[in-house]
Amino acid sequence: MLHIYNIMLYIYTMESRNIYNRIAVLRKEKLLTRKELADKIGVNFQTIGYLEREEYNPSLDLAFRIGKVFDLPIDIIFSTEPLKPLSQLLNNNKEK
Amino acid sequence: MALKKSNNSRKVGVALTLFSLLAMVIVFEYYKIDRGHINFIIIEIIVFIVFLVSFTKTFIKTGLWKFTHKPLKKLDEREIELTSKSLRYAYGIFTVLVLGLLLSLAVTNLSIDVVLVASLILFAHILPASVIAWTEK
């Protein structure tokens, strides 16, 4: 019984988990339109909007394609925790 | 505010399309019973025009019809997830409705006519797009 409960809890938490991302900031930094980014990663431009608003969690394959376009590792672009600004991240690294 | 308004108008469009489809079947059934009455033909034509207008505005102009009839290869992963979810809901709704309809027809000894079948075919095609129109933000 407890096993079933754990599975259900796992599925529930898996489905409700929100993935945060920096796609909007990085896209603007690269001076790309949603359509241009969408063409580069092979999705509909509306999907970029959904990704930027964090209303859709991308697959691992799509996350890697996005990482390739921005030339960044995916853990810099995506996170399960709310993301801090990149400037703050860079300052923290300098202090270390 | 504009988004909420467009969501509401989409829902009104879906409701109007489905109700006019249902009304066409009901009016035709009444016409079968009372064949001499020309009013039923006039009502049927009006309902059909309402259906055509609301269907064109809600499904054709918004691209929903095209979207739900696109080949799988032309959809990205979010769109595949969206269409498969809508198809799952549509399948459930359609199955329950058709089985209920068949049961009630068997109980009441009524026959299945061409308008009912044509409406069901249209309904089956409209339903996945209706689910998306109703549920999407």
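Please refer to the structure placed before this passage.
In this text, all values refer to a predicted model and were calculated from it rather than measured experimentally. (Residues numbered from 1 in each chain as written. Chains lettered and ligands numbered in written order. Predicted model: local features only at pLDDT ≥ 70, side-chain atom pairs only at ≥ 80, totals over all residues. Heavy atoms only, no water.)

Provide a residue-level description of the overall build of chain B, including the pertinent values.
Within chain B, the secondary structure is distributed over five helices and zero strands. Listed by position from the N terminus, the elements making up chain B come as α-α-α-α-α. Principal-axis analysis of the C-alpha atoms places the extent of chain B at approximately 55 × 30 × 25 Å. Considering chain B as a whole, with its 137 residues, one finds that 32% of them fall into the buried category. Partitioning the intrachain contacts of chain B with sequence separation of at least 6 by distance along the chain shows that 74% fall at a separation of at least 24. When the 16 basic and 9 acidic side-chain charges of chain B are each reduced to a single mean position, those positions are 8 Å apart. (Helix = DSSP H or I, 4+ residues; strand = E, 2+ residues; numbered from the N terminus. Buried < 20%, exposed > 50% of the residue type's maximum accessible area, 1.4 Å probe, protein only. Contact = heavy atoms within 4.5 Å. Lys, Arg positive; Asp, Glu negative; His and termini not counted. Charge placed at Lys NZ, Arg CZ, Asp CG, Glu CD.)

Quick one: what's the story with the overall build of chain A, residue by residue and with numbers?
Summing up its helical and strand segments, chain A has seven helices and two strands in all. Going from the N terminus to the C terminus, chain A shows its helices and strands as α-β-α-α-α-α-α-β-α. Burial status across chain A gives 28% buried among its 96 residues. Carbon together with sulfur atoms contributes 58% to the accessible area of chain A, which is approximately 7000 Å² in total. (Areas by Shrake-Rupley, 256 points an atom, 1.4 Å probe, with all protein chains shown as cover.)

Please set out the packing of helix H3 (residues 34-41) of chain A against helix H5 (residues 60-70) of chain A residue by residue, giving values where relevant.
All names here are of chain A. Running from amino to carboxyl end, H3 crosses H5 at an angle of 115°, the nearest separation of the two axes being 9 Å. In this structure, H3 meets H5 at a crossing whose hand is right-handed. The segment H3 lies against H5, with Leu37, Lys40 and Ile41 engaging Leu62, Arg65, Ile66, Val69 and Phe70. (Axes fitted to C-alpha atoms, helices over the stretch in contact; angles between N-to-C directions. Left-handed = near helix turned anticlockwise from the far one by under 90°.)

So, the side chain of threonine 83 of chain B: which residues are in play, and what are the values?
Counting through the fold element by element, threonine 83 of chain B comes out in helix H4 (residues 77-108). With residues near it in sequence (within four places) discarded, threonine 83 of chain B still touches Phe67 and Leu75 of chain B.

Break down the side chain of arginine 78 of chain B for me, citing the residues and quoting the values.
With respect to the helices and strands, the residue arginine 78 of chain B is situated in helix H4. Only 3.0 Å separates the side chain of arginine 78 of chain B from the side chain of threonine 47 of chain A, close enough to count as a polar contact. Setting aside residues up to four positions removed in sequence, arginine 78 of chain B forms contacts with Gln46, Thr47, Tyr50 and Tyr56 of chain A. (Polar contact = N/O pair within 3.5 Å; in protein donor to acceptor, adjacent residues only side chain to side chain.)

Give me the environment of threonine 62 of chain B: which residues, what numbers.
Residues and elements named next belong to chain B. Relative to the helices and strands, threonine 62 is located in the loop between helix H2 (38-60) and helix H3 (64-68). On the basis of relative accessible area, threonine 62 is assigned to the partly exposed category, the value being 46%. The sequence separation of threonine 62 and arginine 10 amounts to 52 residues, and the corresponding C-alpha distance is 9.4 Å. A distance of 2.5 Å separates a polar side-chain atom of threonine 62 from the backbone oxygen of threonine 58.

Could you give an account of the environment of phenylalanine 67 of chain B, with specific residues and numbers?
Residues and elements named next belong to chain B. Relative to the elements of secondary structure, phenylalanine 67 occurs in helix H3. Along the sequence, phenylalanine 67 and arginine 78 sit 11 residues apart, while their C-alpha atoms lie 12 Å from each other. Apart from the residues within four sequence positions on either side, phenylalanine 67 is in contact with Leu75, Glu79, Leu82, Thr83 and Ile132.

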